[in-house]
Amino acid sequence: MAPLAALLLLLAASNAAAVTQAVEYHRFVATPLSPHAYTAPAADDDDVFGGSLAAAEEDAAPATAVRFRVVHRDAFAANATAAELLAHRLERDRRRAARISKAARGGAAYNGTRGGTGGAVAAPVVSGLAQGSGEYFTKIGVGTPATPALMVLDTGSDVVWLQCAPCRRCYDQSGPVFDPRRSSSYGAVDCAAPLCRRLDSGGCDLRRRACLYQVAYGDGSITAGDFATETLTFAGGARVARVALGCGHDNEGLFVAAAGLLGLGRGSLSFPTQISRRYGRSFSYCLVDRTSSSASNPTSRSSTVTFGPGAVAAAASFTPMVRNPRMETFYYVHLVGISVGGARVPGVAESDLRLDPSTGRGGVIVDSGTSVTRLARPAYAALRDAFRAAAAGLRLSTGGFSLFDTCYDLGGRKVVKVPTVSMHFAGGAEAVALPPENYLIPVDSKGTFCFAFAGTDGGVSIIGNIQQQGFRVVFDGDGQRVGFAPKGC
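Residues numbered from 1 in each chain as written. Predicted model: local features only at pLDDT ≥ 70, side-chain atom pairs only at ≥ 80, totals over all residues. Heavy atoms only, no water.

A. Focus on unusual backbone geometry. Note that the residue after T144, namely P145, is joined by a cis bond; omega there is 0°. Here P145 is to be found in the loop between β3 (136–142) and β4 (147–154). Here the amide bond leading from A165 into P166 is cis, since omega sits at 0°, within 30 degrees of zero. Mapping P166 onto the fold places it in the loop between β5 (161–163) and β6 (187–188). (Helix = DSSP H or I, 4+ residues; strand = E, 2+ residues; numbered from the N terminus.)

B. Examining the pairing of strand β12 (residues 282–286) more closely. Among the 5 residues of β12, 5 are classified as buried, and the element is accordingly described as predominantly covered. Burial along β12 is two-sided: S282, S284 and C286 facing one way and F283 and Y285 facing the other are all buried. Alignment of β12 against strand β30 (residues 472–476), held across 5 bridges, turns out to be antiparallel. The partner of F283 across the bridge, within β30, is F475. (Buried < 20%, exposed > 50% of the residue type's maximum accessible area, 1.4 Å probe, protein only. Pairing = 2+ DSSP bridges.)

C. Inspection of the state of the cysteines at higher detail. Applying the stated criterion across every chain, the model contains 6 disulfides. Note that C167 is cross-linked by a disulfide to C170, the S-S spacing being 2.0 Å. Because the sign of the S-S torsion sets the handedness, a value of about -80° for the bond joining C167 and C170 places this disulfide among the left-handed ones. Here C407 is linked by a disulfide to C450, with a sulfur-sulfur distance of 2.0 Å. The chirality of the disulfide connecting C407 with C450 is right-handed, given an S-S dihedral of about 95°. In this pair, C407 is assigned in strand β22 (residues 407–409) and C450 in strand β27 (residues 448–451), connecting sequence segments 43 residues apart. (Disulfide = S-S within 2.5 Å.)

D. Quick look at the sheet that holds strand β16 (residues 335–340). If you walk across this open sheet you meet the 4 strands as β17-β16-β24-β25, and the pairing is antiparallel. Whereas interior strands pair on both sides, the edge strands pair on one side only; in this sheet they are β17 (343–344) and β25 (432–434). Summarising the sheet, β16 and strand β24 (residues 421–425) pair through 5 bridges and their orientation is antiparallel. Its bridge partner being in β24, V340 is matched across the sheet by V421. Docked against the sheet, helix α9 (residues 377–390) engages β16 and β24, running at close to 15° with respect to β16. (Contact = heavy atoms within 4.5 Å. Axes fitted to C-alpha atoms, helices over the stretch in contact; angles between N-to-C directions.)

Spelled out as structure tokens, the structure:
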């Protein structure tokens, strides 16, 4: 009887293990890309960006928060198919990730004002697809009276700047170039002012005693001019005075169409840091699905950014910010593992994702301007293999697509089961469960869907905006933590 009892116990244990190892799945509606060329319908900026700049400028009551709408560049597509938009998005993504990796390898500031270091975001092309790597932008008012300016928003940049008249060299932008001579709120910064000393390589026009700035990016793009303070007006109703910004009279490179850049990084000259005394050091954004467009469908959900009260979502799960003394701009977090189908992936080792503060290498950043999440090569390989094993019921495509090496042929299938994917962070945000649309994306009109992660040997892992879609991502500078609130838009 003893051997029989032992056998029964062994079978019971085996069955229990099978139950605990059952793969968890999502129901996924497989919607391919449309094959038809698309041009976004004309829409009034007040509808696209959620309010009137003129009305906000006339409202004298001080706002208790800054909240405004942001739009993905694809919302302004002109005669382009969804596949073309995706191809250009992935090419922009490749360039941006390469520049971040270059900065990480060199341990240098990504977008600092030291010439020749690192790389940076370029402004978006509103009407086409030719150049630039800006992904999300908004329209603000600059000066008094306010001049409308289309600005890239980027968590991987610090310095706020825009093109200014008179231009020595200016690229083509959407709308008028800001002329500081026509603004009553424009203020030059003196060479001896503390603001000027905060620039990494600030200069001085001795004749005018005017502080000069220059930001040189790794792709050869450059902006230079006067460092000044100015009032910014947001369509949501807020006016923010004395924002330090670069007034660029000499600008060249890949900055096309947008007037400039609103840096949302961690540095001392970033927009969140500058307004922290009034609104606190916290902000959050929620990015809607890349196929949503407030330009093409004004009733759809909108991507938004919030500073001040309401920025910290109560439903968010938080993880501590990690500081990289060699790359101060970026928001680092401690990713400790990933689950597929409800089970932790053993090969996604915490050691492959950990930051080495002595060298500035490694670690994981949360970035608004990178689309696809990139993981250190060993961690990615383990994640990919685990997903393939759990998704064995799906038909694997041969060859991959662009930077994706794991794609599936879902042609003719409307609803499929896909394994769940969750990201585990140190602290409270122990399991951030991703919706299936955030990791299995359509890449053509035939029904090919790809696993939207990639590997990198570049020295830093990046959580991109595809994986962030639908979450309110909170950057709580007061609490030194990053949070993720699902269904936050």
